[in-house]
Amino acid sequence: MAKTKIVVIQMKELVYTAIFAGLGILLILLLVFMFLPSRKDGESTSDSTAAGKYNPGVYNSQITLGDSTLNLELVVDADQIKSVSFINLEDSVATMYPLVKPSLASIEKELVKGTGLDDIPISEKSKYTETLLIEGIRSALDKALVNPV
């Protein structure tokens, strides 16, 4: 026949178990509140997306190419880049550096489509020129950011 076993639980063990369970729940809640993204008072998630990434307007930067300085103009909307162009590009500079205009046109095409500056494909034949132009665009874009980092 089966023998009946009697289990004796002491009150001290119940108290310890309840304390450790309470501490475990408290620790889990603390971790959840610590690692959840917080928002500032009065700020909702739709406020930051409604404002946009950029302050709309026209921004300029200068690029030094050899002995000449090129003025780059960037037109941005609240959410995207509208156009990138040179201001007063001299014919002598365009003749000495023939890859400047086509490189800027290809970069502008990618930016207007919504491609990020770091994701723009750079061709091998005009790597230096396109890198220089992207840095000039980045400089103008830094001025346009709503919340600069």
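Residues numbered from 1 in each chain as written. Predicted model: local features only at pLDDT ≥ 70, side-chain atom pairs only at ≥ 80, totals over all residues. Heavy atoms only, no water.

**Q** Which parts of the structure should I look at to understand the layout of surface pockets?
**A** Over the atoms, a rolling probe the size of a water molecule traces out where space has been left empty. Estimated volume of the largest pocket: approximately 270 Å³. Lining the largest pocket we find 15 residues, and of these Tyr54, Ile81, Gly116, Leu117 and Leu141 sit closest to its centre. Per element, the largest residue contribution to the lining of the largest pocket is three residues, and it comes from helix α5 (residues 127–144). For the lining of the largest pocket, a count of residues per class yields six nonpolar, four polar and five charged. (1 Å grid on protein atoms, 1.4 Å probe; cavity = no way out; pocket = protein on both sides within 12 Å on 5 of 7 lines; lining within 4 Å. Points joined across faces, edges and corners; volume = space filled by probe spheres on them. Helix = DSSP H or I, 4+ residues; strand = E, 2+ residues; numbered from the N terminus. Nonpolar A, V, L, I, M, F, W, Y, C, P; charged D, E, K, R; others polar.)

**Q** Is there a simple way to explain the pattern of salt bridges in this structure?
**A** Note that side chains of opposite charge can pair when their charged atoms are close. Taken as a whole and judged by the stated rule, the model has five salt bridges. Taking the shortest distance from any N to any O, the salt bridge between lysine 82 and aspartate 77 comes out at 3.7 Å. As a salt-bridge pair, arginine 138 and aspartate 118 come within 3.1 Å of each other at their nearest N and O atoms. Residue arginine 138 is located in helix α5, and its partner aspartate 118 is located in the loop between α4 (100–113) and α5; the two are separated by 20 residues in the primary sequence. (Salt bridge = Lys/Arg side-chain N within 4 Å of Asp/Glu carboxyl O.)

**Q** Just checking my understanding: could you explain the pairing of strand β3 (residues 81–87) for this structure?
**A** For a regular strand, side chains alternate in direction, first toward one face of the sheet and then toward the other. For strand β2 (residues 68–76) and β3, the ladder comprises six bridges, and the chain directions are antiparallel. The partner of leucine 74 across the bridge, within β3, is valine 84. Hairpin geometry of β2 and β3 is characterised by an intervening segment of four residues between the two adjacent antiparallel strands. (Pairing = 2+ DSSP bridges.)

The quantities given are spatial measurements derived from coordinates; they are silent on function.
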